[in-house]
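# Architecture and fold: a report
So the chains spell out like this:
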Amino acid sequence: MTETILVRYWASVRAAAGLDEETLSVSGSTTLADVIARLWLLHPDRRFTDALGCCSVLVGDRPVNTEEPEDVVILAGSTIEFLPPFAGG
(Lines give C-alpha, C1' and ligand atoms only; values in the text may rest on other atoms or scores of the structure.)
Protein backbone atom coordinates (compact mmCIF):
# COMPACT_ATOMS: atom_id res chain seq x y z
CA MET A 1 0.00 0.00 0.00
CA THR A 2 1.38 3.40 -0.95
CA GLU A 3 1.04 6.19 1.58
CA THR A 4 2.50 9.69 1.83
CA ILE A 5 4.73 11.88 3.93
CA LEU A 6 4.33 15.64 4.13
CA VAL A 7 7.40 17.82 3.55
CA ARG A 8 7.22 21.45 4.73
CA TYR A 9 9.68 24.17 3.76
CA TRP A 10 10.44 27.39 5.64
CA ALA A 11 12.03 30.73 4.69
CA SER A 12 14.82 30.52 2.06
CA VAL A 13 14.26 26.83 1.30
CA ARG A 14 10.58 27.62 0.69
CA ALA A 15 11.58 30.38 -1.72
CA ALA A 16 14.01 28.06 -3.51
CA ALA A 17 11.42 25.26 -3.79
CA GLY A 18 8.72 27.67 -4.93
CA LEU A 19 6.18 26.09 -2.61
CA ASP A 20 5.34 25.77 1.08
CA GLU A 21 4.91 22.02 1.20
CA GLU A 22 4.58 18.89 -0.88
CA THR A 23 3.73 15.25 -0.39
CA LEU A 24 5.88 12.28 -1.32
CA SER A 25 4.57 8.78 -1.86
CA VAL A 26 6.18 6.05 0.24
CA SER A 27 5.59 2.37 0.78
CA GLY A 28 5.87 1.76 4.50
CA SER A 29 8.96 3.55 5.74
CA THR A 30 11.99 5.26 4.24
CA THR A 31 15.00 7.17 5.57
CA LEU A 32 15.72 10.87 5.74
CA ALA A 33 18.63 10.30 3.34
CA ASP A 34 16.24 8.80 0.78
CA VAL A 35 13.79 11.68 1.20
CA ILE A 36 16.55 14.25 0.69
CA ALA A 37 17.75 12.43 -2.43
CA ARG A 38 14.22 12.45 -3.84
CA LEU A 39 13.84 16.16 -3.06
CA TRP A 40 17.09 16.95 -4.89
CA LEU A 41 15.72 15.10 -7.94
CA LEU A 42 12.45 17.03 -7.76
CA HIS A 43 14.22 20.38 -7.28
CA PRO A 44 17.62 20.16 -9.04
CA ASP A 45 18.23 23.91 -8.79
CA ARG A 46 21.47 24.58 -6.89
CA ARG A 47 19.77 27.27 -4.80
CA PHE A 48 17.38 24.62 -3.44
CA THR A 49 20.09 22.03 -2.73
CA ASP A 50 22.27 24.64 -1.00
CA ALA A 51 19.34 25.90 1.11
CA LEU A 52 18.26 22.37 2.04
CA GLY A 53 21.81 21.46 3.03
CA CYS A 54 21.97 24.05 5.81
CA CYS A 55 18.56 23.31 7.32
CA SER A 56 17.60 22.02 10.71
CA VAL A 57 15.24 19.09 10.27
CA LEU A 58 12.24 18.05 12.32
CA VAL A 59 10.47 14.73 11.90
CA GLY A 60 7.16 15.37 13.57
CA ASP A 61 8.19 17.34 16.65
CA ARG A 62 11.59 15.62 16.97
CA PRO A 63 14.77 17.41 15.89
CA VAL A 64 17.04 14.99 14.03
CA ASN A 65 20.08 17.18 13.26
CA THR A 66 22.46 15.17 15.42
CA GLU A 67 21.53 11.89 13.71
CA GLU A 68 22.86 10.54 10.43
CA PRO A 69 20.21 10.92 7.70
CA GLU A 70 20.65 7.23 6.82
CA ASP A 71 19.64 6.31 10.38
CA VAL A 72 16.52 8.48 10.62
CA VAL A 73 13.49 6.35 9.77
CA ILE A 74 10.53 8.17 8.26
CA LEU A 75 7.20 6.38 8.57
CA ALA A 76 4.29 6.88 6.20
CA GLY A 77 2.07 9.64 7.55
CA SER A 78 5.01 11.58 9.01
CA THR A 79 5.70 15.27 8.55
CA ILE A 80 9.23 16.51 7.85
CA GLU A 81 10.08 20.18 8.22
CA PHE A 82 13.17 21.88 6.81
CA LEU A 83 14.08 25.06 8.71
CA PRO A 84 17.02 27.14 7.47
CA PRO A 85 19.00 29.23 9.94
CA PHE A 86 17.23 32.43 10.93
CA ALA A 87 19.00 35.71 11.65
CA GLY A 88 18.29 37.62 14.79
CA GLY A 89 17.78 36.61 18.34
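Look a little higher up for the structure.
Residues numbered from 1 in each chain as written. Predicted model: local features only at pLDDT ≥ 70, side-chain atom pairs only at ≥ 80, totals over all residues. Heavy atoms only, no water.

Attention now goes to the environment of phenylalanine 82. Its place among the elements puts phenylalanine 82 in strand 7 (residues 79–83). Its relative accessible area of 1% is what places phenylalanine 82 among the buried residues. When the C-alpha positions of phenylalanine 82 and isoleucine 36 are compared, they lie 10 Å apart, and in sequence the two are 46 residues distant. If near-sequence neighbours (up to four positions away) are discounted, phenylalanine 82 is found in contact with Val7, Arg8, Tyr9, Trp10, Val13, Leu32, Ile36, Leu39, Leu52, Cys55, Ser56 and Val57. (Helix = DSSP H or I, 4+ residues; strand = E, 2+ residues; numbered from the N terminus. Buried < 20%, exposed > 50% of the residue type's maximum accessible area, 1.4 Å probe, protein only. Contact = heavy atoms within 4.5 Å.)

This part takes up the sheet that holds strand 7. Read from one edge to the other, the open sheet built from five strands follows the order 2-1-7-4-5, with strand pairing classed as mixed. Sheet topology places strand 2 (21–26) and strand 5 (62–63) at the edges, where each strand pairs with a single neighbour. Examined bridge by bridge, strand 4 (residues 56–59) and strand 7 share four bridges and lie antiparallel to one another. In the strand pairing of strand 7, leucine 58 is matched with glutamate 81. Each of strand 1 (3–9), strand 2, strand 4 and strand 7 is contacted by helix 2 (residues 32–42), which is oriented at about 120° to strand 2, the strand it contacts most. (Pairing = 2+ DSSP bridges. Axes fitted to C-alpha atoms, helices over the stretch in contact; angles between N-to-C directions.)

This structure, assessed with the given rule, holds two aromatic pairs. Relative to phenylalanine 48, the ring of tyrosine 9 lies with its centre 5.7 Å away and its plane at 85°, an arrangement referred to as edge-to-face. Placement of tyrosine 9 in strand 1 and of phenylalanine 48 in helix 3 (residues 46–53) is noted, with a sequence separation of 39 residues between them. On the basis of relative accessibility, which here comes to 0%, the residue phenylalanine 48 falls in the buried class. Considering the side-chain rings of tyrosine 9 and phenylalanine 82, the 6.3 Å spacing of their centres and the 25° angle between planes classify their relative orientation as stacked. Of this pair, tyrosine 9 sits in strand 1 while phenylalanine 82 sits in strand 7, placing them 73 residues apart in sequence. (Phe/Tyr/Trp six-rings, centres within 6.5 Å; stacked < 30°, edge-to-face > 60°.)

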